[in-house]
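Architecture at a glance
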6 protein chains.
Amino acid sequence: MLERLLITGANGSLGSICRQRLGHLAKTVRVSARRDLGEAGPNEELVFCDLDDKAAVEAMVEGCDGIIHMGGKAVEGSWETVKAANIEGMFNLYEGARKSSVRPRILFASSHHVTGFHRQTARLNAETSPVRPDGLYAVSKVFGEALARMYFDKFGIETASVRIGSCFPEPSSHRMMSSWLSADDMVALAERIFNVPRLGCPVLYGVSDNASTWWDNSTAGYLGWSPKDSSEQFRSKLDAEQTPPKHDEADAIYQGGLFCTDVIHED
Amino acid sequence: MLERLLITGANGSLGSICRQRLGHLAKTVRVSARRDLGEAGPNEELVFCDLDDKAAVEAMVEGCDGIIHMGGKAVEGSWETVKAANIEGMFNLYEGARKSSVRPRILFASSHHVTGFHRQTARLNAETSPVRPDGLYAVSKVFGEALARMYFDKFGIETASVRIGSCFPEPSSHRMMSSWLSADDMVALAERIFNVPRLGCPVLYGVSDNASTWWDNSTAGYLGWSPKDSSEQFRSKLDAEQTPPKHDEADAIYQGGLFCTDVIHED
Amino acid sequence: MLERLLITGANGSLGSICRQRLGHLAKTVRVSARRDLGEAGPNEELVFCDLDDKAAVEAMVEGCDGIIHMGGKAVEGSWETVKAANIEGMFNLYEGARKSSVRPRILFASSHHVTGFHRQTARLNAETSPVRPDGLYAVSKVFGEALARMYFDKFGIETASVRIGSCFPEPSSHRMMSSWLSADDMVALAERIFNVPRLGCPVLYGVSDNASTWWDNSTAGYLGWSPKDSSEQFRSKLDAEQTPPKHDEADAIYQGGLFCTDVIHED
Amino acid sequence: MLERLLITGANGSLGSICRQRLGHLAKTVRVSARRDLGEAGPNEELVFCDLDDKAAVEAMVEGCDGIIHMGGKAVEGSWETVKAANIEGMFNLYEGARKSSVRPRILFASSHHVTGFHRQTARLNAETSPVRPDGLYAVSKVFGEALARMYFDKFGIETASVRIGSCFPEPSSHRMMSSWLSADDMVALAERIFNVPRLGCPVLYGVSDNASTWWDNSTAGYLGWSPKDSSEQFRSKLDAEQTPPKHDEADAIYQGGLFCTDVIHED
Amino acid sequence: MLERLLITGANGSLGSICRQRLGHLAKTVRVSARRDLGEAGPNEELVFCDLDDKAAVEAMVEGCDGIIHMGGKAVEGSWETVKAANIEGMFNLYEGARKSSVRPRILFASSHHVTGFHRQTARLNAETSPVRPDGLYAVSKVFGEALARMYFDKFGIETASVRIGSCFPEPSSHRMMSSWLSADDMVALAERIFNVPRLGCPVLYGVSDNASTWWDNSTAGYLGWSPKDSSEQFRSKLDAEQTPPKHDEADAIYQGGLFCTDVIHED
Amino acid sequence: MLERLLITGANGSLGSICRQRLGHLAKTVRVSARRDLGEAGPNEELVFCDLDDKAAVEAMVEGCDGIIHMGGKAVEGSWETVKAANIEGMFNLYEGARKSSVRPRILFASSHHVTGFHRQTARLNAETSPVRPDGLYAVSKVFGEALARMYFDKFGIETASVRIGSCFPEPSSHRMMSSWLSADDMVALAERIFNVPRLGCPVLYGVSDNASTWWDNSTAGYLGWSPKDSSEQFRSKLDAEQTPPKHDEADAIYQGGLFCTDVIHED
């Protein structure tokens, strides 16, 4: 059991799930966001913090032996936003980890958009397939995975980079039938990441046991994570509610879907 | 839902199954064979057609936005027979598709005999393992897969080349314990092929979820097809009814079994 | 059904399981060990034999068309012990097989320690990953696999080299959550090995369907062996009884665990 | 040394080179074409033969222990032409080989157009990269390779399928800087094919030692063929004479170049 | 021939070589640095520019159809330095490229330090081996490669990411015997990058034809770049001048050498 | 420069070459064999030693920081001979190395016969292709490689396992055109093995730069060994002197040639 688990981005959709359901992993849970954290629970500490505030981030990380880093920009944004939250913020977090009096283990919420420009007819291996980021947000996640790997090789800080698929109550498009991740499966994955005796620095996709698959996580098989849910339960509802994309639309061509057609966001 | 689905070879064993169970895929089903099609069902059109009659095939294909091509010679035959039905016939079908006023999606019934000379102790990948056809029939299926791929790359016609294993009510030899494909699984595969937003041009083996496996379909994982049946249910009956082949018999050595020892059929 | 199945090491833990549960594979079962074989069962023959006694081993093997070779040293030992039991003994067994009036099929109990120095974060393929033996015992098993392969290529004697994981009633360490093999799964594997029409000379890991996996057996998929048990049933008990190893302990780093830190045993 | 070497297509550009420079491989050289073979050389026999005339082809093949099959259609053509020359013709040739009183070894002139739809930025392996034929001619060569393989596996007839690049005196486009094959290199390859003790049934690309390469022939390394020439000698001349294709033209995108944009030739 | 080639970092060691020897690639060469550019040559334009000045960078890039991006921090530095020069600077450069009235082709000077934590006994493939950056500088280069790939997939801007080894007049350590890149080979590589009809977006190592090799560039074989020089010419001199590192020193273990032991530079 | 280099088997053909040409690697060379070592050279020590004499071997190894282990049985032999010389002898040598006051680096003369049952049409990778030993001698070399690896992983003793091809003045069969290793190339390889700062524990084939190749040594590229000689210089002489093997003879089928048809040698 962890002494103190930090959950960043704890007011976001993924962060909220972690806050609600992963409290048992630690004696104390430090939940963090820029705002809107509500009341502190029984074993909770609230920390309000901007990720690009280096001193604040280092103070927040100090003393935590586990970190679930859900904070930062989670969709495409302007360069300034992405840079501050996902590039500056990652550096600050790992500097905090390096300087901390205890060595934390980290779950880094990367994104399947790091390989978003691969075709939906392709099959990817999390370790050997080249990245094909589909926007600035995705590029910032490639940066994050590389930074995490460097802090592992150089300083021994263990990170699981989880390329999260589409973690919503249910898939809202036909593309998400392949990328959907249930909350239960995400929670189980986090539990494994903090429970294995040795984590190393794996990269894997956070995706449920869907029928239609693009991603091969076998190199992370040692984690012992077996997703249980499948998006098939939602297929007939989805088919009833919307027409699938045409075969020449980005949402039918690329794993990253419409992110691939997004423009560069000017501030 | 398709406007008009053409099923060729609709009087054969596989074609009959498709006719009986896949009618819901289209508003109109055009069933075709050289003869013996019985009565037309409620949403059916009957077409009697020789596959080597170019004009007739092109007329038959016109207006169909889906094709299940089960027609042609389905076991070893003489060169003249194989050439007319499977080589000439495939060309005619794809020319029809190219010229049609609507662009069809095609399920092409290829055969596992395209890799029949591989050993039963080998494991094959549908995309990267070299072909090892075990007879003229199998060579004609290699031709068919190549033709389909060319019409995809050049004209955008999508085809799934399904290397059908042994699609019978139950396995009739120990070799078929590995190659058996249930009718239910075949039907489900066809449904997926016509339902995915983008098909591309995959090659995969049509085989159930048998315990003993030779084939890796993971590159076609995006189709979302998960076979449900297994030949294990028939093992004790099979063992009771027949002795397995000796370890030095073709039926125990090659994935294509006795096809590998067949002669060239002279007319 | 076999005429006569030889089980060596029949008084050991694995050998006893085979003796108790695999008698149905043969008309006669010849059980062997150096001592302590108890009473002969209805269709059993008892043979007391030292594996390094060439004449005795050859006599023991004569007439057997199936062999389950569980005999020999099963943990690290001194060079003299390992050499006599596992090197000399293997040679004697295969010479017996070569000279026998009937050609036997063999299940050779190799060990996952042949790849014990691979990291627990690695994923291994039974055919292509390099060996990394973790001691003299493990080196002797590499020798055994190579000898079996040579007798297959040169003399046609079929062997399945099963790299047995941890075959105990339940995992006794967190490392064994990945390597555990249930008795039921081992029995089922042996049945498949003696029932397939053609065995060839596969190498595979003997491991149950655990959640946390290190090993890919897909090249032996043709055997039709699907392990059914999982070590997950024991996780909470194990967690309650012991602390997992620290992340920098051999039992958390290497697949072979503490074998990797064992010294050379001097006689 | 061969007893009798048959060279088909001996009046074509490649066939003429073979006729002029490979006569030393055999005591007698049987040169064949439909017409225009000129005078017979000292150890030559002339045979006029249509490849789709089965009886004539079988008579022509009888008694030859070596065959260089350059005959057939060597560029895109109508279906009737391609089918007669390259499909019917190949079948006739291999039937002749199967029935011949001596077992011939065959060099089959396949074409790099069997993989013509791969990108110029891709690197292909002759054994494992999927075919992507760029027209009917290319599809007929896929058929030919498959037929040759079947006659090897079933009847032991050895064939080297040489996917010939661009065998001209010099490259006539920037694309051919990668695909160029010098006459000297082709002659040396043919010599190796008929001199190795055991040929097997390799597939390889016929291409010189150009600086810019798309193809990996390492699986055929046992042949001992090391091309010596390079297209670089022609680069400055080529650059002076023509502008390279624009980056979005087929000749800059696909390995098969303009073949990829060719239509289906209607008769 | 290019209309206008921009060389950034033109006062650095690599940039100077490019300036001196690659002027023939373009009608006009725009050389850029923060200072110290000397006199403008006959076809040169001088631009003084900070890479983190967005407007200045965009103005500098406007109108250039070729860019050699040698600018930025070329060794480990503090986060602020690396971020400004290599992260901010890359974004500014590619935004400039995207907005420019002509679409430039780009040579991006990445670094072999993106894989610096791989062992010297490992062999890497430029496309499929995972990155293992050895410091902040190396992480910034991973970012740069990802950004370039995204601008290619999304906007069609072609980049060659050249992971430059050790480009000095001669190797100054035993490690550099493997990583050395001669100026001649670098110049030849740049020429190929701007001369191929279609560049795509390759990643390759910039390394000479040294005897001791770590890197496989075969996926970029289509570029037609064959390095000619070898570090072996310097071996005896190097051996005479210095003792090789001990086998347990970072300079003997990691491909990135002493970069792997560098600390995080605090400002 | 080494302090003391031990050369075992120094009276054999390979050992003699090493003795004559590698003396410059060390201040003192300890040459060893059972007999026939002639006069000691200026910096030589002679040691007469049976490899299966544990105490003698340990004494011989003591104080050596380099070992070239050419001793042992170098062709097929009886089990007793092979076991004493190559199994017992290897164990004794590595125990000596482990106990020695200085840690030696070792060149272990393995043999290409460890993969002798692979076809001559196959291409092997030294690290990932499965072993296929062609006799007891070859099995003993598999044992040796595994033992060396274990002593590296467990005790840090570096070994290069060199699978020596056919090291004779010239090839004496057509098979050896592929496997030939010149003395010069072997000497250069040994120099590299003792000169690289870090050796690790590579496995590679000892083979010259022959035209016809079966083996891929690229994973050992870091050694910086580039063989210079080729067996092609002997081809015309060989062709004049002997007929190549027929295509169905072992010497034309298997990489190990006639070793594959050798019997088990009974004492």
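Each chain carries its own residue numbering, running from 1 in the direction its sequence is written. The lettering of chains begins at A and the numbering of ligands begins at 1, in the order of writing. Totals for whole chains, interfaces and linings use every residue, but because this is a predicted model, local features are given only for residues with pLDDT of at least 70 and side-chain atom pairs only at 80 or more, for both listing and counting. Side-chain numbers come from the whole structure's heavy atoms, not from hydrogens or water.

1. Here's the deal with the interface of chain A and chain E
Should any heavy atoms of two residues lie within 4.5 Å, those residues are counted as being in contact. Contacts between chain A and chain E engage 37 residues on the former and 37 residues on the latter. Taking both partners together, chain A and chain E bury about 3100 Å²; carbon and sulfur atoms supply 66% of that area. Buried area: the sum, over both parts, of the accessible surface (1.4 Å probe) that disappears when the two are put together. Ranking the residues of chain A by area buried against chain E places Trp79, Lys154 and Ile264 of chain A at the top, with a combined share of 20%. By definition, a salt bridge exists where a carboxyl oxygen of Asp or Glu is found within 4 Å of a side-chain nitrogen of Lys or Arg. Joining chain A to chain E, the criterion identifies six salt bridges. By the criterion applied in these results, polar contacts are pairs of N or O atoms within 3.5 Å in which, for protein atoms, one can donate a hydrogen and the other can accept it, and in which residues neighboring in sequence qualify only through two side-chain atoms. Counting every contact that joins chain A to chain E gives twelve residue pairs in polar contact (both at pLDDT 80 or more). Think of it this way: any DSSP run of H or I at least four residues long counts as a helix, any run of E at least two long counts as a strand, and we number them from the N terminus. Secondary structure elements with two or more residues in the side of chain A that touches chain E: α3 (79-99) and α4 (136-155) of chain A.

2. Considering the pattern of salt bridges
Counted under the stated rule, the structure contains 126 salt bridges over all chains. Lys83 of chain D is the salt-bridge partner of Glu88 of chain B, the closest N and O atoms lying 2.3 Å from each other. Residue Glu88 of chain B is located in helix α3 (residues 79-99), and its partner Lys83 of chain D is located in helix α3 (residues 79-99); the two belong to separate chains. With relative accessibility at 12%, the residue Glu88 of chain B sits in the buried group. Throughout this description, buried means an accessible area under 20% of the type-specific maximum (1.4 Å probe, protein chains only), exposed means over 50%, and partly exposed covers the range between. Look at Lys83 of chain D and you get buried, because its relative accessible area is 13%.

3. Some details on the sheet that holds strand β8 (residues 203-206) of chain B
All names here are of chain B. Taken in spatial order, the seven strands line up as β3-β2-β1-β4-β5-β7-β8 in an open sheet, and their pairing is parallel. A strand with exactly one partner marks an edge of an open sheet, and here the two such strands are β3 (44-48) and β8. In this sheet, adjacent strand axes meet at a mean angle of 20 degrees when their direction is disregarded. Where strand β1 (residues 2-8) and strand β2 (residues 26-33) come together, five bridges link them in parallel fashion. Across the sheet, Leu5 pairs through a bridge with Val29, a residue of β2. Along the sheet, helix α1 (residues 13-21) makes contact with β1, β2, β3, β4 (66-69) and β7 (159-164), crossing β1 at roughly 160 degrees. Axis angles are defined between N-to-C directions and span 0 to 180 degrees, where every axis is a line fitted to C-alpha atoms and, for a helix, only to the segment in contact. Sheet strands in contact with helix α2 (residues 54-61) are β1, β2, β3 and β4, and its direction is about 165 degrees off that of β2. Strand pairing is assigned whenever DSSP identifies at least 2 bridges connecting the two strands.

4. Quick word on the confidence of the model for chain A
Residues at a pLDDT of 70 or more form 100% of chain A, whose mean pLDDT is 97. Prediction confidence for the complex, expressed as pTM and ipTM, is 0.97 and 0.97 respectively. Residue-level confidence of the predictor, termed pLDDT, takes values from 0 up to 100.

5. Looking at the packing of α1 of chain B against helix α6 (residues 183-195) of chain B
All names here are of chain B. Between α1 and α6, the shortest axis-to-axis distance is 10 Å and the interhelical angle comes to 65 degrees. Seen along the crossing, α1 lies across α6 with a hand that is right-handed. Touching Leu14, Ile17, Cys18 and Arg21 of α1 are Ala183, Asp184, Met186 and Val187, all from α6. Should the near helix be turned counterclockwise from the far one by less than a right angle, the crossing is left-handed, whereas a clockwise turn marks it as right-handed.

6. What to know about the interface of chain B and chain C
Listed per partner, the contact involves 16 residues of chain B and 13 residues of chain C. Summing both sides of the interface, chain B and chain C together bury roughly 1100 Å²; the carbon and sulfur share of this comes to 54%. Interface area lost by chain B to chain C is led by Thr121, Arg123 and His247 of chain B, which between them contribute 45%. Inspection of the region where chain B meets chain C yields zero salt bridges. Residue composition of the side of chain B that touches chain C, grouped by class: six nonpolar, six polar and four charged. The classification used treats Ala, Val, Leu, Ile, Met, Phe, Trp, Tyr, Cys and Pro as nonpolar, Asp, Glu, Lys and Arg as charged, and all other residues, Gly among them, as polar.

7. Description of the sheet that holds strand β1 (residues 2-8) of chain F
All names here are of chain F. Read from one edge of the open sheet, seven strands run β3-β2-β1-β4-β5-β7-β8, paired in parallel fashion. Lying at the two open borders of the sheet, with one neighbouring strand each, are β3 (44-48) and β8 (203-206). If you compare each strand with its neighbour and ignore which way they point, the axes differ by 20 degrees on average. Where helix α3 (residues 79-99) meets the sheet, it contacts β1, β4 (66-69), β5 (105-111) and β7 (159-164), and its direction lies at approximately 170 degrees from that of β5. Packed on one face of the sheet, helix α4 (residues 136-155) meets β5, β7 and β8 and runs near 155 degrees to β5.

8. Let's talk about the relation of the copies chain B and chain C
Note: a rotation about an axis with an accompanying shift along it relates these two copies of the chain. Superposing chain B onto chain C takes a rotation of 120 degrees combined with a translation of 0.0 Å along the rotation axis, leaving an RMSD of 0.0 Å. As the rotation angle and translation indicate, the two copies are arranged about a three-fold axis. Within chain B, Ser218 of chain B has its C-alpha nearest the rotation axis, a separation of 7.1 Å. We place the copies in one frame by least squares, fitting the C-alpha atoms of every residue whose pLDDT is at least 70 in both.

9. Things to note about the relation of the copies chain A and chain E
With an RMSD of 0.0 Å, the fit of chain A onto chain E corresponds to turning through 180 degrees and sliding 0.0 Å along the axis. Here the symmetry operator amounts to a two-fold rotation axis. A symmetric contact is evident, with 100% of the interface residues of chain A recurring at the interface of chain E.

10. Focus on unusual backbone geometry
A positive phi is found at Asp36 of chain A, a non-glycine position, where the angle reads about 60 degrees. Locating Asp36 of chain A in the fold gives a position in the loop between β2 (26-33) and β3 (44-48).

11. Examining the arrangement of the chains
Of all C-alpha pairs spanning chain B and chain E, none lies closer than 17 Å, and the two are not in contact. There is no contact between chain A and chain F; across them, the least C-alpha separation is 17 Å.

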